[in-house]
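The chain contents come next:
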Amino acid sequence: MKPRVILRIALGVYFIVMGMIKLLGVEQFMSALDGYGIPSPFPLNLIAILIPTLELVCGLALALHRFWRSALLILILLMVCFSTVIFWRMNAIHALEDLPRCAVSFDCGCGNGVVNACRKIAINVLTLVLMVCVFRTKTWPNSLK
Amino acid sequence: MTQVENHSLGVIRTLQEMMVLLLLSVGIGAIWNCCSSGRIDLNFDYFPAVNITHDEAAPLTDEDTLSIADWRGRGVIPQDALVRLLADRGSSRQTIALIDARKEEFFERGHLAGAKKLDRYRFAQDLPIVLPICLRADLVVVYCQGGACDDSHIAGKILSQAGVSADAIVILEGGLERWLENKREVVQ
């Protein structure tokens, strides 16, 4: 099996697990979203349901090799958004509590509870690099195969 | 087919697939939300802005003589006062409703005797049970785990939005943590 295929399946499984964790602990996820100042009720509640299912569906598509490039594109966009809001909140806490940026920890809504913001951003950047590696081909978007 | 047309078709197909995945996610999300026990009501505000001003009850010298109705409008009730009111309630015509504002799993592990749960994430199933009791009660005592927990205040807001008089709602000072610290009884 090619390394890229293994990486695609691994990323798919990762997002399926992340989506399931958020869906099964939707209350904790909502609470984390509230921390980002997302307006409540409708936008927050909708995002709390939509993001985990989007991760789940895209993870499945990635693992099963169906619409996988579109799924990967959605996940890349999601990951960029997640990392941006984590960075923004990390800066807000840094300014408010006068903590060094890399000492800031909070529940980012990533499914792992309270995490160090710097470490989470680093993990997200690494995941993004892996996703871009899987996504990149010489033929896309010209290939209609 | 030219290179540009091929390129455009590839982009369009990717966008179509993204739309399919998005719609599929919306559908699965809707089904999941309908079928799961922790159903989220899209229009319900689970995080209302609450004004948490009464973390500690004001010291009272006449605490021992206060009746249930005297605690209305005070915002917070000390634990000793609640214990005394609960012990005396057999001799009073006034009633107290005890509301546990914690999550269902914590409620099941142990709660004050006679308390009803009002988990804000399960309000659709809890409120119809709790509301008639609260509307009849002269005093509604809401408690959560303790500390700076805002669940009591949010449960209080849910109850007042549902029609319970805001004056009748008081928060138990210190929550369940202090209740247990004082070696008071809980039931499962």
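Conventions and cut-offs
Residues numbered from 1 in each chain as written. Chains lettered and ligands numbered in written order. Predicted model: local features only at pLDDT ≥ 70, side-chain atom pairs only at ≥ 80, totals over all residues. Heavy atoms only, no water. Helix = DSSP H or I, 4+ residues; strand = E, 2+ residues; numbered from the N terminus. Rg over C-alpha atoms; globule rule 2.2 N^0.38 Å. Buried < 20%, exposed > 50% of the residue type's maximum accessible area, 1.4 Å probe, protein only. Areas by Shrake-Rupley, 256 points an atom, 1.4 Å probe, with all protein chains shown as cover. Lys, Arg positive; Asp, Glu negative; His and termini not counted. Charge placed at Lys NZ, Arg CZ, Asp CG, Glu CD. Contact = heavy atoms within 4.5 Å. Buried area = accessible area lost by both parts, 1.4 Å probe. Salt bridge = Lys/Arg side-chain N within 4 Å of Asp/Glu carboxyl O. Polar contact = N/O pair within 3.5 Å; in protein donor to acceptor, adjacent residues only side chain to side chain. Nonpolar A, V, L, I, M, F, W, Y, C, P; charged D, E, K, R; others polar. Disulfide = S-S within 2.5 Å. Axes fitted to C-alpha atoms, helices over the stretch in contact; angles between N-to-C directions. Parallel < 35°, antiparallel > 145°, perpendicular 65-115°, else oblique. Left-handed = near helix turned anticlockwise from the far one by under 90°. Pairing = 2+ DSSP bridges. pLDDT = per-residue confidence, 0-100. Phe/Tyr/Trp six-rings, centres within 6.5 Å; stacked < 30°, edge-to-face > 60°.

Here the focus is the overall build of chain A. Along its length, chain A carries five helices and two strands. The order of α-helices and β-strands along chain A, N terminus first, is α-α-α-α-β-β-α. For chain A, the C-alpha radius of gyration of 16 Å lies close to 15 Å, the compact-globule estimate for 145 residues. Oriented by its inertia axes, the alpha-carbon framework of chain A measures out at about 50 × 30 × 25 Å. The burial tally for chain A puts 46% of its 145 residues in the buried class. Accessible surface computed for chain A: about 7,300 Å², of which carbon and sulfur atoms make up 71%. Looking at chain A, you have 13 positive and 6 negative side-chain charges, and the mean spots of the two groups are 26 Å apart.

Moving on: the overall build of chain B. Across its full length, chain B holds six helices and five strands. Moving toward the C terminus, one meets the helices and strands of chain B in the order α-β-α-β-α-β-α-β-α-β-α.

Our focus in this paragraph is the interface of chain B and chain A. Interfaces are often described in size by the accessible area the parts lose on coming together. With 32 residues of chain B at the interface, the matching set in chain A holds 33 residues. For the pairing of chain B and chain A, the buried interface totals around 2,900 Å² over both sides, and the portion due to carbon and sulfur atoms is 71%. Between Glu27(A) and Arg122(B) there is a salt bridge, and its shortest N-O distance comes to 2.7 Å. The tally of links from chain B across to chain A stands at seven residue pairs in polar contact (both at pLDDT 80 or more). Broken down by class, the residue content of the side of chain B that touches chain A amounts to 16 nonpolar, 10 polar and six charged.

Okay, the state of the cysteines next. Residues and elements named next belong to chain A. With the rule as written, the count across this model stands at two disulfides over all chains. Across the disulfide from Cys102 sits Cys118; the S-S distance is 2.0 Å. Measuring the twist about the S-S bond at about -80°, one finds the Cys102-Cys118 disulfide to be left-handed. Here Cys102, found in the loop between helix H4 (68-97) and strand S1 (105-107), pairs with Cys118, found in helix H5 (residues 117-135); they are 16 residues apart in sequence, far enough to count as distant. Taking relative accessible area as the criterion, Cys118 reaches 22% and is therefore assigned partly exposed. In chain A, the bonded cysteines, numbered by position in the sequence, are linked as 1-4, 2-3.

Between two packed helices, both the angle of their axes relative to each other and the distance between the axes serve to describe the pair. All names here are of chain A. Their axes nearest at 10 Å, the elements helix H2 (residues 26-35) and helix H3 (residues 42-64) cross at an angle of 125°. When the axis of H2 is compared with that of H3, the two are oblique. As H2 packs across H3, the resulting crossing turns out to be right-handed. Contact residues: H2 offers Val26, Phe29, Met30, Leu33 and Asp34, while H3 offers Leu44, Asn45, Ile47, Ala48, Ile51 and Pro52. Grouping the amino acids of the contact of H2 with H3 by side-chain chemistry returns nine nonpolar, one polar and one charged.

Right, let's talk about the packing of helix H1 (residues 3-24) of chain A against H5(A) for a bit. Residue and element names in this part refer to chain A. Contact geometry of H1 with H5 gives a least axis separation of 10 Å together with a crossing angle of 135°. Put simply, H1 runs oblique to H5. You can see that H1 and H5 cross each other, and the crossing is left-handed. Along the contact surface, H1 presents Arg4, Leu7, Arg8, Leu11, Tyr14 and Phe15, while H5 presents Lys120, Thr127, Leu130, Met131, Cys133 and Val134. Residue composition of the contact of H1 with H5, by class: eight nonpolar, one polar and three charged.

The subject of this paragraph is the pairing of strand S4 (residues 139-143) of chain B. All names here are of chain B. Among the five residues of S4, five are classified as buried, and the element is accordingly described as predominantly covered. Alternating residues of S4 divide into Leu139, Val141 and Tyr143 and Val140 and Val142, and every residue in both groups is buried. Bridge analysis of S4 against strand S5 (residues 169-172) gives three bridges, and the strand direction is parallel. Bridge pairing links Val142 to Ile171 in S5.

Now for the sheet that holds strand S3 (residues 116-117) of chain B. Strands in a sheet are paired, the pairing made by backbone hydrogen bonds, and the direction either parallel or antiparallel. The strand order across the open sheet formed by five strands is S1-S5-S4-S2-S3 (chain B), and the pairing between neighbours is parallel. The sheet is open, and its two borders are formed by strand S1 (76-77) and S3 of chain B, each paired with just one other strand.

Within chain B, residue pLDDT values average 82, and 87% of them lie at 70 or more. On the interface metric, ipTM, the complex scores 0.87, and its pTM is 0.73.

Moving on to the packing of aromatic side chains. Residue and element names in this part refer to chain B. Under the criterion given, the structure shown has four aromatic pairs over all chains. Here Phe44 and Tyr46 contribute two aromatic rings whose centre-to-centre distance is 4.8 Å and whose plane-to-plane angle is 75°, an arrangement assigned as edge-to-face. Each member of the pair Phe44 and Tyr46 is classed as buried. Between the aromatic rings of Tyr46 and Tyr121, the centroid separation amounts to 5.7 Å while the plane-to-plane angle is 15°, which identifies the pairing as stacked. With Tyr46 in the loop between helix H1 (3-35) and S1 and Tyr121 in the loop between S3 and helix H4 (123-136), this pair connects stretches of sequence that are 75 residues apart.

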